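As a plain string of letters, each chain reads:
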Amino acid sequence: MNTTRILLNPAFRIGPVDPRVFGGFLEHLGRAVYEGVYDPASRHADADGCRSDVLAAQRRLRMTAMRYPGGNFASGYHWRDGIGPRAGRPTVRDLAWQSIEPNAFGTDEFVSLCRKMDWTPMLTVNLGTGTPEEARDWVEYCNCPVGTREADRRAANGHPDPYAVKLWCLGNEMDGPWQLGHVPADQYAIRAQQAAKMMKDCDRSIETVACGSCTTGLSTYMEWDRQVLEHLGDMADYVSLHRYVGNPADDTPDYLAVTASVDRQIEDMDAVCRYVQARRKSARRVYLCFDEWNVWYRERGGDGRAKRAPHLIEEVYNLEDALVVAGFLNSFIRHADVLKIANLAQIVNAIAPLLTRGDELLVQSIFHPFEMVSRRRTGEALRLAIDGPSYEGRTNGAVPVVDASAILGEGVLHVFLTNRSERTAAPVSIEPAGLSIAALESAEILTGPGPKAANSFEQPDVVAARTYDEVAVRAGRARLKLPPLSMAALTLRLG
Ligand code: AHR
């Protein structure tokens with residue numbers, strides 16, 4: 001294969017990479033909360049009943065914004081059910097996942113977990129079956145100083161100091177007919193505007209995320225977003241995007257090209273934001289929040305059959321899925337100027353990089369690209385040109401064989417590369433203009449015996465990242481040869 005040249009220039013900056021792009025999502029869904037992060041019966045349980053092994057693995061991902069409590073669950077959730085002495089909390093029927101919710105884990109437990117993990121809490125209010133006033137009361141419970149009813153309730157529950165929760169999602173996927181309380185765009189916009197106004201009146205420092213189109217597949221795609229953003233005006237700080245991808249046709253080249261459609265989705269949404277901004281003659285920009293993204297197509301069943309912590313949507317991930325996850329991250333870095341928050345859906349057991357089985361824990365393939373990029377996320381994204389071989393995906397169009405993104409840090413250049421070829425190694429030359437690469441500081445590579453290779457409890461290291469030093473630095477440039485179906489993360493010291 002011909003060499004792919006990665007051409008970059010430090011003057012061509014896209015913008016600082018917002019750390020919140022490396023967020024996660026914890027939903028009351030299947031075994032994500034119970035038997036996932038929270039399991040007082042486990043031998044790994046810490047003093048708060050949280051699984052220390054799960055949290056230790058999570059720390060490696062350095063996640064930032066953590067979205068909670070859903071997802072679809074949020075549209076039937078009443079936050080008051082999850083506070084106060086546990087014995088007094090109701091056990092309820094969760095209609096979103098047809099499960100039984102004991103409410104043993106709620107707002108106070110979530111915020112304390114965020115503190116423990118250094119996560120930024122991001123709460124989704126219920127705009128499906130809840131009221132704008134219930135949403136406003138939740139802001140008071142979390143953020144207001146003691147002296148009024150909801151804040152005093154928090155103090156009575158042992159937390160006199162406000163939680164200062166900054167990020168609030170105005171409902172979840174309200175454009176989806178499956179959503180509890182789904183309504184047309186104009187009606188959602190009214191609900192969301194009413195809620196956001198009261199929430200912001202309660203705490204002027206919060207930021208809100210309006211529900212944008214939750215899939216590119218609905219007939220309301222983009223028109224929903226226009227209507228919602230026009231009506232919400234200054235009440236929306238961000239608009240959400242969701243995307244789950246998969247390989248049901250078992251066409252690996254096309255699947256690996258899906259990154260091009262993620263680029264397009266981000267650009268479509270940014271175009272709507274700019275259109276509405278221009279129509280409103282506003283100086284204020286609405287930014288993008290990709291608050292659900294992942295691979296999800298095998299385990300689609302969402303019926304918990306009235307069980308507590310049922311095994312739901314426990315996707316097992318392979319090498320090609322990990323490369324697609326790397327592609328999402330490349331796309332997010334390439335759009336650092338407009339994309340400010342993103343949340344990998346989800347963090348444990350349900351469509352997650354970690355799986356528990358009893359007291360055992362498995363690190364799945366998709367864990368690795370997230371860890372490799374997340375530890376190199378600080379700096380400014382650079383615009384780059386990829387000059388090399390390309391191919392035509394069946395549904396996703398033409399893409400370069402080598403996908404890439406780059407971040408300029410303090411005296412270092414981070415480069416992320418994916419070789420989408422199934423059979424051929426890809427020679428790569430990283431050629432910065434006006435910068436000189438002095439040495440390789442660190443690098444890891446992720447690959448495996450084939451696209452479907454996956455980790456299991458019996459063989460946990462089939463797809464694993466390993467340290468990589470086969471990078472030649474000469475005359476200010478770096479050269480390497482990416483094995484077929486691989487992803488590399490490099491930190492290059494600048495001279
Ligand atoms: O992440 C799983 C589900 O996917 C979420 O609950 C919902 O918002 C989306 O459809």
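Scroll up to find the structure this text is about.
Residue numbering note: each chain is counted from 1, following its sequence as written. Reporting of local features is limited, given that this is a predicted model, to residues whose pLDDT is at least 70; pairs of side-chain atoms are given and counted only at 80 or more, and all residues count toward the totals for whole chains, interfaces and linings. Note that the side-chain values use all heavy atoms of the structure and ignore hydrogens as well as water.

(A) Structural detail: the site of the ligand. By convention in these notes, a residue is near a molecule or strand provided one of its non-hydrogen atoms lies within 4 Å of it. Within the structure, the ligand sits among 13 residues, and Glu27, Asn72, Glu173, Tyr244 and Glu292 are positioned closest to it. Any pair of nitrogen or oxygen atoms within 3.5 Å is treated as a polar contact; in protein, a donor-acceptor pairing is required on top of that, and neighbouring residues in sequence qualify only through side-chain atoms on both sides. Contacts to the ligand include Asn72, whose backbone N or O atom sits 2.9 Å from an oxygen atom. Between an oxygen atom of the ligand and a side-chain N or O atom of Gln346, the distance comes to 2.9 Å. Lining residues are those with an atom within 4 Å of a point, where the points come from a 1 Å grid over the protein atoms alone and group into cavities, where a 1.4 Å probe fits but cannot get out, or pockets, open sets with protein on both sides within 12 Å along at least five of seven lines. Molecule-in-pocket calls rest on the fraction of atoms, with more than half required to lie within 2 Å of the cavity or pocket grid points. With respect to the detected pockets, the ligand is housed in the largest pocket.

(B) Geometry of the sheet that holds strand β2 (residues 23–25). The strand order around the closed barrel formed by eight strands is β2-β3-β6-β7-β8-β9-β10-β11, and the pairing between neighbours is parallel. Between one strand axis and the next, the sheet turns through 30° on average, direction left out of account. Throughout, a contact is declared for two residues whenever any of their heavy atoms are within 4.5 Å. Lines are fitted to the C-alpha atoms to define the axes, a helix being fitted only along its stretch in contact, and any angle between axes, read from their N-to-C directions, falls within 0 to 180 degrees. Secondary structure elements follow DSSP: runs of H or I of four or more residues count as helices, runs of E of two or more count as strands, with numbering from the N terminus. Those strands touched by helix α3 (residues 132–143) are β6 (120–124) and β7 (167–170), and its axis lies near 165° from that of β7. At least two DSSP bridges between two strands are needed for those strands to be called paired.

(C) A look at unusual backbone geometry. The step from Tyr68 to Pro69 runs through a cis peptide bond, and the omega angle for that step is 0°. Among the structural elements, Pro69 can be located in the loop between β3 (65–68) and β4 (92–94). Here the bond from Ala345 into Gln346 is cis, since omega is 5°, no more than 30 degrees from zero. Residue placement: Gln346 occurs in the loop between β11 (339–345) and β12 (354–357). Its identity as a non-glycine residue notwithstanding, Asn103 has a phi of 60°, on the positive side. Assignment of secondary structure puts Asn103 in the loop between β5 (99–101) and α2 (107–117). Only protein chains enter the calculation, and the probe is 1.4 Å; a residue is then buried if its accessible area is under 20% of its type maximum, exposed if over 50%, and partly exposed in between. Its relative accessible area of 1% is what places Asn103 among the buried residues.

(D) Region of interest: helix α6 (residues 223–232). Taken together, the buried positions of α6 are Trp224, Asp225, Val228, Leu229 and Leu232. Looking straight down α6, one finds that the buried residues subtend no more than 115° of arc, so they occupy a single side. Residues of α6 that are buried make contact with β7, α5 (185–202), β8 (207–210), β9 (238–245) and α8 (259–279). When we speak of the arc, we mean the arc of directions from the helix axis to the C-beta atoms.

(E) Spotlight on the layout of surface pockets. Grid points are joined across faces, edges and corners, and a volume is the space filled by probe spheres set on the points. In this structure, the largest pocket encloses a volume near 420 Å³. Together, 23 residues line the largest pocket, and Glu173, Trp178, Tyr244, Trp296 and Arg300 are the ones closest to its centre. When residues of the lining of the largest pocket are assigned to their parent elements, the largest contribution, four residues, is made by β9. Its boundaries defined by the atoms lining it, the second largest pocket holds a volume of some 200 Å³.

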